[in-house]
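# Structure assessment
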Amino acid sequence: MKKLFYLFLLLSHTIFSQQIPFKITGTYEDGLIKKVNVHRNPTFTIDTIIINKDKFVLTGKLDYPRHINIGFNDFEGARGVYTDGNTINVKYKNTPNLIDSKVIEVSPISISGNPITIDDHKIWGLISQKFSDNFSFKDKAKIMNLIEKHREKYPNSLSSLALISNILDIASTDEINALMEKIPIENQDKYLGPSIKQSLKKRSLIGMAIKNYSFPDINGVEKPIIDTTKQYTFIMFWDAACGPCRIFNRKMNDIIKTIDLDKVAIIGVSLDSNKLTWKKAIKEDKVTWTQLNIKEGFDSEIIKTLNFNALPYDLLVDKNLVIRANGYDKSFEILSKVN
């Protein structure tokens, strides 16, 4: 019996540890390719990268289907393409960064070869509009409907998890749960499934009291993260490389004029390990409100207590140190509650 059990374990390990070979071919429309920049992740490996003028071929192996982010030369990729083992062909082009049009990134502009990837790409394009000032509830409803149709059309694809993970900041807990309930049980703990569940769990932090940690400001002076002299403290965790964080920083310059600062304290908490990068971002974004820095980043005690793993993460705490609101990229929504 023991031999059969060990044989089962061996076979199980062999079956589930097999990687999926993938191939991405593409064209870069803004010049010759000197270097292909792939945003690395331990869940996939790159075997070969072949470059021929403005064209490339990339092959590798996946632990499971996922998005792969590609950039060229001195530019990083702005958005990944869903890869599940089927060959895809992608046209890439330089596009302005969402924060600063002077910053150029590489984006996929058209995809052929894999229907799932094509559909995923179209929906991602709509989701990215959530950063626009004109984004409305009607736009959100359209996105939710398209994600549901995508899930129905490709019920076993992990691409739906990626789409759901990118609407956590605009969809309610009930809306996310409704989508997750229709994902096959065997897929709910794969790819971004655990992260989505964790995000939903974090929303239950409301009502919990937290410790008033202290961190250094831009001059190295230790300051508490919560201002107990004010009725509320709004805290945004961010870093210089986070696009949505930087967008909020710049928009906050106008929003802060509408906030009763006798009632609400505004605190920015950076997870940048490089203080020069942090200070440069503060200067570029013309940040005027209190800024603190956690050099330990995601390994710090407060982050582990709040149990989040992505940015921007926003928190509203009252003067009694009780969490009143929290969530990913919820700045405008949270501030509207106290304004």
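About the criteria used
- Residues numbered from 1 in each chain as written.
- Predicted model: local features only at pLDDT ≥ 70, side-chain atom pairs only at ≥ 80, totals over all residues.
- Heavy atoms only, no water.
- Helix = DSSP H or I, 4+ residues; strand = E, 2+ residues; numbered from the N terminus.
- Rg over C-alpha atoms; globule rule 2.2 N^0.38 Å.
- Buried < 20%, exposed > 50% of the residue type's maximum accessible area, 1.4 Å probe, protein only.
- Contact = heavy atoms within 4.5 Å.
- Areas by Shrake-Rupley, 256 points an atom, 1.4 Å probe, with all protein chains shown as cover.
- Lys, Arg positive; Asp, Glu negative; His and termini not counted.
- Charge placed at Lys NZ, Arg CZ, Asp CG, Glu CD.
- Polar contact = N/O pair within 3.5 Å; in protein donor to acceptor, adjacent residues only side chain to side chain.
- Pairing = 2+ DSSP bridges.
- Axes fitted to C-alpha atoms, helices over the stretch in contact; angles between N-to-C directions.
- Parallel < 35°, antiparallel > 145°, perpendicular 65-115°, else oblique.
- Left-handed = near helix turned anticlockwise from the far one by under 90°.
- Nonpolar A, V, L, I, M, F, W, Y, C, P; charged D, E, K, R; others polar.

Moving on to the overall build of the chain. The helix and strand inventory of the chain stands at ten helices and 16 strands. Its C-alpha radius of gyration of 22 Å places the chain within 12% of the 20 Å reference for a compact globule of 339 residues. Its C-alpha atoms give the chain principal-axis dimensions of about 60 × 60 × 40 Å. Taking all 339 residues of the chain together, the buried fraction comes to 47%. Counting contacts in the chain only where the partners sit at least 6 residues apart, residues at least 24 apart contribute 61% of the total. Of the roughly 17,700 Å² that the chain leaves accessible, carbon and sulfur atoms contribute 54%. A distance of 3 Å separates the average location of the 47 positive side-chain charges in the chain from that of its 39 negative side-chain charges.

Position of N187 among the secondary structure elements: in the loop between α5 (173-180) and α6 (193-202). A polar contact of 3.3 Å, which involves the side chain of N187, links it to the backbone oxygen of N156. Beyond its immediate chain neighbours, meaning those up to four positions away, N187 contacts P155, N156, L158 and L161.

Moving on, we come to the sheet that holds strand β16 (residues 323-328). In spatial order, the strands read β14-β13-β12-β15-β16; together these five strands make up an open sheet with mixed pairing. Every other strand in the sheet has two partners, leaving β14 (290-293) and β16 as the edge strands with one partner each. Averaged over all neighbouring strand pairs, the angle between strand axes comes to 20 degrees, with direction disregarded. The strands touched by helix α7 (residues 243-255) within the sheet are β12 (232-238) and β13 (264-270), with β12 carrying the most contacts at an inclination of about 140 degrees. Helix α8 (residues 275-284) contacts β12, β13 and β14 of the sheet and is inclined by roughly 165 degrees relative to β14.

Here we come to the pairing of strand β3 (residues 44-52). Both β3 and strand β4 (residues 55-62) contribute to a ladder of eight bridges, which runs antiparallel. Across the sheet, I49 pairs through a bridge with L58, a residue of β4.

Our focus in this paragraph is the sheet that holds strand β1 (residues 20-28). On the basis of which strands lie adjacent, the open sheet formed by five strands has the order β3-β4-β1-β8-β9 and mixed pairing. This sheet does not close on itself; its edge strands, each paired only once, are β3 and β9 (104-112). Strand after strand, the sheet turns through a mean of 30 degrees between neighbouring axes, direction not considered. Contacts between helix α2 (residues 115-127) and the sheet are confined to β8 (88-96) and β9, with β9 contributing the most and set at about 135 degrees to the helix.

Moving on, we get to the packing of α2 against helix α3 (residues 137-153). Their axes nearest at 10 Å, the elements α2 and α3 cross at an angle of 165 degrees. Of the possible angle classes, the one that applies to α2 and α3 is roughly antiparallel. Between α2 and α3 the crossing geometry is left-handed. Counting all contacts with α2, which are made through I116, D119, D120, I123, L126 and I127, the residues of α3 involved are K142, I143, L146, I147 and H150. In the contact of α2 with α3, the residues fall into seven nonpolar, one polar and three charged.

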